[in-house]
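Observations on chain architecture
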Amino acid sequence: MRIDVLSIFPDYLRALDLSLPGRAQRSGLLDLRVHDLRTWTHDRHRTVDDTPYGGGAGMVMKPEPWGEAFDEIGLEGAVLLVPTPSGEVFRQSTARELAGEERLVIACGRYEGIDARVVEHAAAGGARVREVSIGDYVLNGGEVAALAVVEAVVRLLPGFMGNPSSLVEESHEDGLLEYPVYTKPPTWRGLDVPDVLRGGDHGAIERWRRERALERTARRRPDLLPVSQLAALGEYDVAT
Ligand code: ADE
């Protein structure tokens, strides 16, 4: 997969050279190109922002550098991702969809956002645009969201994970939060690993995990459970 990231703070994206995304780059699975948006400015101050039409606080990113950047790197066959708090929620299902793409271009805005004509023009030119939010809070720019999106997508690329089965059981893959996990020692600071996990009864372990996953989800994220499933909780050994 090829991913182009455009930002006025390209150093922010350096973290992607570390750990698993770094390994994916070295193995050739990921071709990551980070660009400084100011490359496509022409004035002495390398200006990327201006005051908003209609008034109001803050600055808006000018369309021209974005347009020239997209002309040069090309959007053909790519999904253009624009992180913004006003986007659709970026979920595990979004990450799965994007992991099937050949090319992503991520446009990291700053200030009050990017002139709306940039997305409009890219979409009119045939680009598939997705404006995505990583949560109901406001960051200073799209860079941190881009890091989250790239990491969530790249770990799903075929051949990326050493043990793909660990992807199946994690939070959000089955619509539930993941059950609690334990490792050795069996007793630590007076706290025991639940007996069922040490008993070797795989059916019992599976039931226990499902119950804990349901319990957690009902407590922490009831919005993830359909009403029917919440109603059915009484049938499980689940304390809500
Ligand atoms: N930019 C600023 N806040 C954001 C958010 N919550 N998600 C994605 N991009 C953002």
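Residues numbered from 1 in each chain as written. Predicted model: local features only at pLDDT ≥ 70, side-chain atom pairs only at ≥ 80, totals over all residues.

Moving on, we come to the environment of Ile8. Tracing the sequence through the fold places Ile8 in the loop between β1 (2-7) and α1 (19-27). Sequence-wise, Ile8 and Arg110 are 102 residues apart; in three dimensions their C-alpha atoms are separated by 8.2 Å. Here Ile8 is in contact with Asp36, Leu37, Arg38, Val48 and Arg110, once residues within four sequence places are set aside. (Helix = DSSP H or I, 4+ residues; strand = E, 2+ residues; numbered from the N terminus. Contact = placed C-beta atoms within 7 Å.)

On to the domain arrangement of the protein chain, then. Taken as a whole, the protein chain is organised into domain 1 (2-154) and domain 2 (170-235). The C-alpha centroid of domain 2 is placed 37 Å from the C-alpha centroid of domain 1. (Domains from an automatic or database assignment.)

Right, let's talk about the pairing of strand β2 (residues 31-36) for a bit. Two strands pair when backbone bridges link them, and β1 and β2 are joined in this way by 6 bridges, in the parallel orientation. Opposite Val5, over in β2, you have Val34 as the bridge partner. At this point the chain moves from β1, through α1, to the parallel β2, and the crossover so formed is right-handed. (Pairing = 2+ DSSP bridges. Right-handed = clockwise from strand over helix to strand, strands pointing away.)

Once that is clear, we can look at the nonpolar core. If you look at the biggest cluster of nonpolar residues, it comprises 42 residues, and the most contacted ones within it are Val5, Leu81, Ile106, Ala107, Ala146, Val149 and Val150. Contributing elements (two or more residues each) for this core: β1, β4 (60-61), α2 (63-73), β5 (79-89), β6 (103-107), α4 (117-124) and α5 (143-154). No other element matches α5, which puts 7 residues into this core. Once you skip the residues sitting within four places of it in the chain, Ala107 turns out to touch Leu6, Trp66, Leu80, Val82 and Ile114. Among the nonpolar cores identified, the runner-up in size contains 6 residues, and Leu176, Leu177, Tyr179 and Leu214 belong to it. (Core = buried A, V, L, I, M, F, W, Y, C linked by C-beta atoms within 7 Å. Buried ≥ 20, exposed ≤ 12 C-beta atoms within 10 Å, placed from the backbone.)

Moving on, we get to the confidence of the model for the protein chain. Of all residues in the protein chain, 96% attain a pLDDT of 70 or more, and the chain-wide mean is 93. Reported confidences for the modelled complex are a pTM of 0.92 and an ipTM of 0.98. (pLDDT = per-residue confidence, 0-100.)

Strand order in the open sheet made by the 5 strands is β2-β1-β6-β5-β7, with parallel pairing throughout. Bordering the open sheet on either side are β2 and β7 (128-133), each of which pairs with just one other strand. Geometrically, the sheet is characterised by an average inter-axis angle of 25° between neighbouring strands, direction not taken into account. Two elements, β5 and β7, share 7 bridges in a ladder whose sense is parallel. Looking across to β7, one finds that Glu88 is bridged to Val132. Sitting on the sheet, α4 is in contact with β5 and β7, with an inclination near 145° to β7. (Axes fitted to C-alpha atoms, helices over the stretch in contact; angles between N-to-C directions.)

Moving on, we come to helix α8 (residues 202-220). Residue pairs spaced three or four apart in an α-helix point in one direction, given the helix's 3.6 residues per turn. If you check α8, its first and last C-alpha atoms are 27 Å apart, about what 19 residues at 1.5 Å a residue would give, namely 27 Å. Looking at α8, one finds that the buried residues are Arg212, Ala213, Leu214, Glu215, Thr217 and Ala218. (Expected span 1.5 Å × (residues − 1).)

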